[in-house]
Amino acid sequence: MTPVLPIEQLPAAAAADRACPHCKGEGYVVEAQAELAVARVCACVPACARCGGLGQITALVDGQVRSGRCACQRVPDRVARFNIARVPGRYAEATLATFMKGAMEWNEQKKQQAAAAAMTWLKGWRPGEGARGLVLHGLVGRGKTHLLIALIRELVFRHAVTVRFLEFSRLLATLREGYSEGRSDSPILRELATVEVLAIDELGKGRLTDWELQVIDDVVSRRYNSSACTLGTTNFRPGVATGAAPPNAAMVDQTPQTLGDRVGDRVYSRLREMADFVEVGGADCRELLRGPGR
Ligand SMILES: [Zn+2]
Ligand SMILES: [Zn+2]
C-alpha cells in the first residue's frame, strides 16, 4: 500500500495552460454540435499528476487521513453541467465578452447598459432558495437570448450551478409528443420545477391556447412556490394585461401587447415578484451585423 502523504507533498492538480489560444486558460471550450452547444475539456489540460486521473485524492490534512475530489475535477464537473443545460448550438459563442464587444463596436449604449445590469445581477447572485431571477425584455433581435446564454455560462462555469435552458415552444412540442405516445408530462415538469436555475427563452411567444397558458402557469407557479431562481427573455413589454389585440406579422417590432396580455396577470405578477426586469434595447443586432449603408 502506498503511504498517505501530507497534502502539501502532493503534486499540483492538472490545470489549463494560461497561454492556450483555444480556451484562454479556462480549461474548456464550447462548440456547436448540430442543435446544441457542447462543452468539452480543452486539450491543453494535461493528465493529472495529483490524482493520477482518478479524480479522488487521499492525503493527510493536519495529521488526519482525508479523502475528497481532486481540484482537477472542477472543469469536467462544470463541462458536464453545461452539457445538461441544453444551450442551442447557434449560441455556442455567446458570452458576456462577445455581447459587450458587439455593444462597444456598434456604440450601442442601451446594450452596454443591459450588459452592465446583467453583470450587477450576476454579482449579487447567491445560490439557494430565494435567489432572485432576471427577465430580459425588448424587441425582437436585440440580443436578449445572447445575454441570457452568457449568464447561463457564467452561472455554470464560475459558480457550478445546474441550469436548464428552455425554449418555450420546444417544451410544448415535447409535451405534445409525450401525450401522443401516452407518456405523462410529470417527469418533465418535475425536472423544470426542481432544477436550480431555469432559463425560459421567449416567454409569451406562441398561439397561447388554454393548454399552453396552463403549462406556463404550471411551470412558473412551481418555481414560485419553491422560491427557485428563474431567468427569462420576452419580446413583450412588462405590464399587466391591457386587452390589446395580438400582434400580427406586420407589427412584430411594435406589439401593443404586454407580457400580462400574453401569459396572464397571475403569471406576470409572479414573475415580477421572482425576478428583476432589464430592458435590452438599441438597434436590431441583425441590422448592425449587416453594417453601415444597410
Ligand atoms: Zn486550452
Ligand atoms: Zn486530479
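Residues numbered from 1 in each chain as written. Chains lettered and ligands numbered in written order. Predicted model: local features only at pLDDT ≥ 70, side-chain atom pairs only at ≥ 80, totals over all residues. Heavy atoms only, no water.

K.L.:
Please explain unusual backbone geometry as it appears in this structure.
P.N.:
Glycine aside, residues mostly have negative phi, and peptide bonds are mostly found in the trans state. For Asp62, which is not glycine, the phi torsion reads 50 degrees and is therefore positive. You can see Asp62 is positioned in the loop between strand 3 (56–61) and strand 4 (64–69). In the Ramachandran plot, Ser227 falls in the positive-phi region, its phi being about 50 degrees despite a non-glycine side chain. Here Ser227 is to be found in the loop between helix 7 (210–225) and strand 8 (229–234). (Helix = DSSP H or I, 4+ residues; strand = E, 2+ residues; numbered from the N terminus.)

K.L.:
I'm lost on the coordination of the zinc ion (ligand 1) in this one. Help?
P.N.:
Each pair of donors in an ideal four-coordinate tetrahedral metal site encloses 109.5 degrees, whereas pairs in an ideal six-coordinate octahedral site enclose 90 or 180 degrees. Coordination of the zinc ion (ligand 1) by the protein involves Cys20 (SG), Cys23 (SG), Cys42 (SG) and Cys44 (SG), with metal-donor separations of 2.3 Å. Taken together, the four donor atoms coordinating the zinc ion (ligand 1) and their angles of 106 to 114 degrees define a geometry best described as tetrahedral. Within one chain, the residues donating to the zinc ion (ligand 1) are spaced in sequence as C-x2-C-x18-C-x1-C. In this structure Cys42 comes out as buried when scored by relative accessible area, which is 4%. (Donors = N, O, S within 2.8 Å, 3.2 Å for Na, K, Ca; no water. Tetrahedral: all angles 85-135°; square planar, octahedral: opposite > 155°, others 65-115°. Buried < 20%, exposed > 50% of the residue type's maximum accessible area, 1.4 Å probe, protein only.)

K.L.:
What is the right way to read the environment of Arg69 from this model?
P.N.:
Its location among the elements puts Arg69 in strand 4. Judged by its relative accessible area of 49%, Arg69 is partly exposed. Between the alpha carbons of Arg69 and Leu54 there is a distance of 9.0 Å; along the sequence they are 15 residues apart. Ignoring sequence-local partners within four residues, the contact set of Arg69 consists of Gly55, Gln56, Ile57 and Asp77. Within the structure, the side chain of Arg69 is placed 2.7 Å from the side chain of Asp77, a separation counted as a polar contact. (Contact = heavy atoms within 4.5 Å. Polar contact = N/O pair within 3.5 Å; in protein donor to acceptor, adjacent residues only side chain to side chain.)

K.L.:
Could you clarify how one ought to interpret the domain arrangement of the protein chain in this entry?
P.N.:
Often, the extent of an interface is quoted as the loss of accessible area upon association of its parts. When its domains are assigned, the protein chain resolves into domain 1 (7–85) and domain 2 (94–290). The partner domain 2 presents 13 residues to the 12 residues of domain 1 that form the contact. Interface area for domain 1 against domain 2, summed over the two sides, is near 1100 Å², with a carbon-plus-sulfur share of 55%. Considering only the side of domain 1, the residues that lose the most area to domain 2 are Arg78, Arg81 and Ala85, jointly responsible for 49% of the buried surface there. Viewed at the interface, domain 2 and domain 1 are joined by two salt bridges. In this structure, Glu26 engages Arg158 in a salt bridge whose closest nitrogen and oxygen atoms are separated by 3.4 Å. Elements supplying a minimum of two residues to the side of domain 1 that touches domain 2: strand 1 (28–33) and helix 1 (74–85). Looking at the side of domain 1 that touches domain 2 element by element, the count peaks at seven residues for helix 1. (Domains from an automatic or database assignment. Buried area = accessible area lost by both parts, 1.4 Å probe. Salt bridge = Lys/Arg side-chain N within 4 Å of Asp/Glu carboxyl O.)

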